[in-house]
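Each chain, written out:
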Amino acid sequence: MSLPNGNTTLKPKLLEVRNVYRTYHHEDTNIVVLEDVSFDVFENEFVCLVGPSGCGKSTLLRMIVGLDRPTKGQILYRGQPVEGVNAKTALVFQNFALVPWLTVWQNVELGLEARGIDKKERERRVKYWLEKVGLDGHENAYPRELSGGMKQRVGFARALALEPELLCMDEPFSSLDPLTSQNLREELLRLWGNKELPILAILMVTHSIEEAVFMSDRIVAMSTHPGKIIGEIDVTLPRPRNQRDEEFQKIVDKVYAIIV
Amino acid sequence: MRRNIWETLTKITAFLLVMGIAYFLYRERLHFALLPPHIPVEYRKLPIYTLWSLLRMFSAYILSLIFSYTYAYLAATSPRREGIMLAILDILQSVPVLGFFPAAVYFFVNLFHGSRIGVEMAAIFLIFTSQAWNITFSIYESIKTIPEEIKEAIDLMNISGLKKFFILIVPSSIPKVVYNSMMSWAGGWYFLIACEIIAIGPMNYHLPGLGSFLQMAVDKGRIDLALAGIGALVFVIFLMYFFIWQPLSYWAEKFRYEMVSSTAEPPLTYLMWVKIANIALISSLLSFIRRLISPILNLRLKPIQLPSSLSSYLRLSLATIILFLIAFGTSLAIISLTSSLVQIDKAYLFKIPAAILASAGRIAVAYILALLWTLPTAVYIASNKRRENFFMPLIQAFASIPAIAFFPFIVRYIVSITGNVNIATILLILTGSQWYLLFNLIGGVKSIPTDLRQLSAILGIRGFRYWRKILLPAVFPALITGSITAWGGAWNALIVAEWITFKGKLYYAFGIGYLLDYATYKAGNLALILISLASMSLTIVLLNKFFWRKMYELAERKYNFEA
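Residues numbered from 1 in each chain as written. Chains lettered and ligands numbered in written order. Predicted model: local features only at pLDDT ≥ 70, side-chain atom pairs only at ≥ 80, totals over all residues. Heavy atoms only, no water.

1. A word on the overall build of chain B
Here is step 1 of the chain: Across its full length, chain B carries 20 helices and 2 strands.
Here is step 2 of the chain: By the compact-globule yardstick of 24 Å for 563 residues, chain B fits well, its C-alpha radius of gyration being 25 Å.
Here is step 3 of the chain: Summarising its shape, the C-alpha atoms of chain B cover approximately 70 × 65 × 60 Å along the three principal directions.
Here is step 4 of the chain: Within the span of chain B, comprising 563 residues, buried residues form 48% of the whole. (Helix = DSSP H or I, 4+ residues; strand = E, 2+ residues; numbered from the N terminus. Rg over C-alpha atoms; globule rule 2.2 N^0.38 Å. Buried < 20%, exposed > 50% of the residue type's maximum accessible area, 1.4 Å probe, protein only.)

Quick look at the structure:
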């Protein structure tokens with residue numbers, strides 16, 4: 001395969017959101033949730049969508065994984081329009097979305113079963129990912145017996161076991177306490193940095209600017225009513241990052257200035 | 001362990017108390033002859049009969065509300081009262097009230113010296129017993145689940161007495177009370193028609209109303225009149241649903257503690273009521289009423305300061321009286337039950353287990369039939385918001401149409417032609433219990449969190465796998481709650497369904513309902529009445545305790561989203 005101009009440093013584009021609108025109909029009025037939203041996600045990128053609550057970023061994420069459709073505009077994955085659930089993506093939920101009557105093991109296995117993956121391979125993957133997220137020994141526990149942090153570890157294992165190309169996360173740390181969430185963040189970054197994850201890119205939604213600067217390579221900032229993109233900031237700080245660095249604070253201030 | 005024993009003891013005491021009351025009521029014989037009023041069956045009489053039926057329903061409902069708030073408040077505010085009051089309520093809920101109807105008629109007719117008021121009272125009492133218990137339970141639950149912080153805030157503002165009752169207790173209970181009132185009215189219509197239709201043994205007394213109108217129209221072979229009667233009933237039920245229950249349900253949502261912004265649109269009738277309340281004359285009238293009431297609410301009811309010795313003396317004597325009454329009731333029950341066991345013809349005694357089994361079999365068949373159609377229907381309706389908005393009002397209105405209104409038709413066209421009572425019996429049980437299942441299942445399907453639905457979509461869990469892994473476990477708690485109510489309704493329906501008289505001819509299906517009716521209407525055998533009633537109630541209570549309760553605990557423990 002030959003590329004035009006032989007530019008091999010150009011990263012392949014994974015996701016393309018093109019002029020997306022989303023409106024809801026309520027009591028004879030149209031509420032515009034998203035207005036003319038466009039951005040891209042390339043391979044090997046960690047992108048954060050940042051904005052105040054109610055700016056439609058979760059709605060956008062659900063359209064990207066194929067749970068919802070834009071009212072107008074297009075979402076392309078590897079150049080193809082997203083029609084229905086995109087099997088190359090996986091979603092980590094804010095409130096974990098674990099099935100209460102299934103054990104940790106069964107929760108992770110559920111999606112693999114549905115994809116028709118054979119038993120041996122299922123067992124290998126579940127075992128591997130439970131160990132990776134630090135849940136070995138808890139295979140037979142039920143979600144209610146786990147702490148919040150451990151529940152979200154199950155959530156990560158379930159998403160990663162599907163070995164998606166694009167991992168989508170909807171405020172995955174916001175229902176955890178500060179210490180637990182910082183731990184999990186660092187662990188995820190370690191796995192991502194060591195190339196231990198099968199995924200090609202991560203797209204995370206958050207309302208915490210510090211979290212976005214701490215984790216991502218690029219921040220897509222959104223405004224609310226209606227949800228619009230108001231700026232993109234590249235974060236080129238070396239990892240691991242330190243929240244107390246002057247450079248770190250500068251970027252945080254810059255994003256604040258754009259959003260508020 | 002000790003707590004368990006204590007609970008069992010209170011349950012047994014409560015059971016015996018209710019049996020004591022049954023004995024006390026059934027011992028009465030009619031001392032007065034009843035002159036059946038002349039009830040002409042004509043088209044132009046229909047509005048009057050409808051009004052009579054409505055009047056009975058409203059009286060019973062108001063009685064239920066007063067009883068429920070008082071009883072629930074007393075039970076929820078003192079741990080000492082709580083145990084026994086809940087046990088009694090639980091027994092009352094499981095006892096087949098229709099079995100008490102003849103007894104209640106005897107009692108009230110004697111009380112009012114044979115005037116029609118006595119029969120009216122008995123009818124209202126019967127409807128009351130079908131409406132009150134679930135409302136009471138819902139108020140009790142509402143009081144118990146008021147968030148602690150809100151209670152503390154109210155106490156810190158120094159709000160107490162009647163004001164606290166109206167500012168905290170009543171609003172907190174509104175969402176559940178409105179929902180349960182709807183259920184109660186549906187159940188109430190069933191009993192209203194039942195008590196107007198049932199001829200009380202040899203008395204053959206009809207109260208003027210829709211039920212008796214239906215019965216007599218079919219008796220006379222005037223199908224046109226009977227259809228008109230059903231039409232009037234359906235009309236009233238739909239009017240009530242669209243003009244009262246639907247706007248009330250919307251309004252009740254405002255009183256929930258969960259801070260979820262509702263996206264539901266107000267029904268047109270709700271907007272209509274808002275407009276009416278804003279008309280100058282009416283709004284000034286409303287504020288006048290409010291001004292009249294507010295001083296009463298602000299009234300500080302200072303507890304009367306009695307000398308402490310006197311107040312403790314009073315409390316002690318009150319407790320003694322209550323304990324004495326309980327002891328009296330239970331011993332009466334024990335004596336009457338044992339003497340009945342001694343007196344009763346042993347042939348009857350051996351028939352009872354077979355009768356209970358036969359009845360339970362009929363209920364099981366009806367239950368399975370109900371499950372077969374309600375589960376897919378619930379999934380179909382609840383999985384789509386637009387579908388739900390369209391079907392729910394219709395279903396709620398249809399569920400309120402008492403199946404028993406079709407009773408005369410069923411008898412005329414199924415029983416008297418095929419000669420088979422079983423089909424009619426199962427049909428009656430089915431129509432009396434299926435709605436409880438459907439409503440609870442719809443609620444269950446709706447309670448599946450959006451996250452879990454989206455997860456299933458993302459993971460590609462569909463079809464059979466979705467039913468097995470997500471849907472069935474998710475609706476399991478609702479299925480159990482629905483089943484408990486459905487079985488309760490079914491036991492009650494047995495009493496009407498296993499003993500059918502039509503044009504002077506008796507059709508029956510052998511079962512516990514049949515035995516009870518036979519003892520009441522044919523044999524006049526007090527011992528058999530009491531033993532049938534007791535064994536039927538005992539079966540229900542034991543089934544609840546050892547089967548449904550266990551299932552419910554399993555549902556709470558394993559199939560619960562709040563983890």
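2. Overview of the interface of chain B and chain A
Here is step 1 of the chain: The interface of chain B with chain A comprises 24 residues on the first partner and 25 residues on the second.
Here is step 2 of the chain: Together chain B and chain A conceal approximately 2300 Å² of surface at their shared face, both sides included; 64% is due to carbon and sulfur atoms.
Here is step 3 of the chain: Together, Ile458(B), Leu459(B) and Lys469(B) form the three largest contributors to the area buried by chain B at its contact with chain A, with a combined 29%.
Here is step 4 of the chain: Linking chain B with chain A are 2 salt bridges, by the criterion used here.
Here is step 5 of the chain: Across the chain B-chain A interface, the total number found is 4 residue pairs in polar contact (both at pLDDT 80 or more).
Here is step 6 of the chain: Looking at the side of chain B that touches chain A, the elements with two or more residues in it are α17 (450–459), α18 (463–497) and α20 (526–558) of chain B.
Here is step 7 of the chain: Take the side of chain B that touches chain A: its biggest share by element is 7 residues, from α17(B).
Here is step 8 of the chain: Taken together, the residues of the side of chain B that touches chain A break down into 14 nonpolar, 4 polar and 6 charged. (Contact = heavy atoms within 4.5 Å. Buried area = accessible area lost by both parts, 1.4 Å probe. Salt bridge = Lys/Arg side-chain N within 4 Å of Asp/Glu carboxyl O. Polar contact = N/O pair within 3.5 Å; in protein donor to acceptor, adjacent residues only side chain to side chain. Nonpolar A, V, L, I, M, F, W, Y, C, P; charged D, E, K, R; others polar.)

3. Observations concerning helix α13 (residues 346–382) of chain B
Here is step 1 of the chain: Its 37 residues give α13(B) an end-to-end C-alpha distance of 52 Å, which sits within 8% of 54 Å, the value for a rise of 1.5 Å per residue.
Here is step 2 of the chain: Its maximal kink placed at Ile352(B), α13(B) deviates by approximately 30°, while the proline Pro353(B) follows within four residues. (Expected span 1.5 Å × (residues − 1). Bend = angle between axes of the 7 residues up to and from the residue.)

4. As for the packing of aromatic side chains
Residue and element names in this part refer to chain B.
Here is step 1 of the chain: Applying the stated criterion across every chain, the model contains 36 aromatic pairs over all chains.
Here is step 2 of the chain: Residues Tyr73 and Phe165 carry aromatic rings whose centres are separated by 5.6 Å and whose planes lie at 85° to one another, so their mutual orientation is edge-to-face. Linking Tyr73 in helix α2 (residues 46–76) with Phe165 in helix α7 (residues 161–197), this pair joins segments that are 92 residues apart in sequence.
Here is step 3 of the chain: Taking relative accessible area as the criterion, Tyr73 reaches 34% and is therefore assigned partly exposed.
Here is step 4 of the chain: We classify Phe165 as buried; its relative accessible area is 18%.
Here is step 5 of the chain: The rings of Phe67, Tyr71, Phe107, Phe108, Phe125, Phe128 and Trp133 are connected pair by pair, giving a single aromatic cluster. (Phe/Tyr/Trp six-rings, centres within 6.5 Å; stacked < 30°, edge-to-face > 60°.)

5. Points about the nonpolar core
Here is step 1 of the chain: Within the largest apolar cluster, 200 residues are counted, with the highest numbers of intra-cluster contacts made by Phe39(A), Leu60(A), Ile64(A), Leu166(A) and Leu203(A).
Here is step 2 of the chain: Contacts of Ile64(A), omitting those with residues within four sequence positions, involve Leu15(A), Val17(A), Phe39(A), Ile75(A), Val82(A), Asn86(A), Leu166(A), Cys168(A) and Leu203(A).
Here is step 3 of the chain: Residues Tyr61(B), Phe137(B), Trp189(B) and Ile193(B) belong to the second largest nonpolar core, which totals 56 residues. (Core = buried A, V, L, I, M, F, W, Y, C linked by side-chain atoms within 4.5 Å.)

These values are about where atoms sit, not about what they do.
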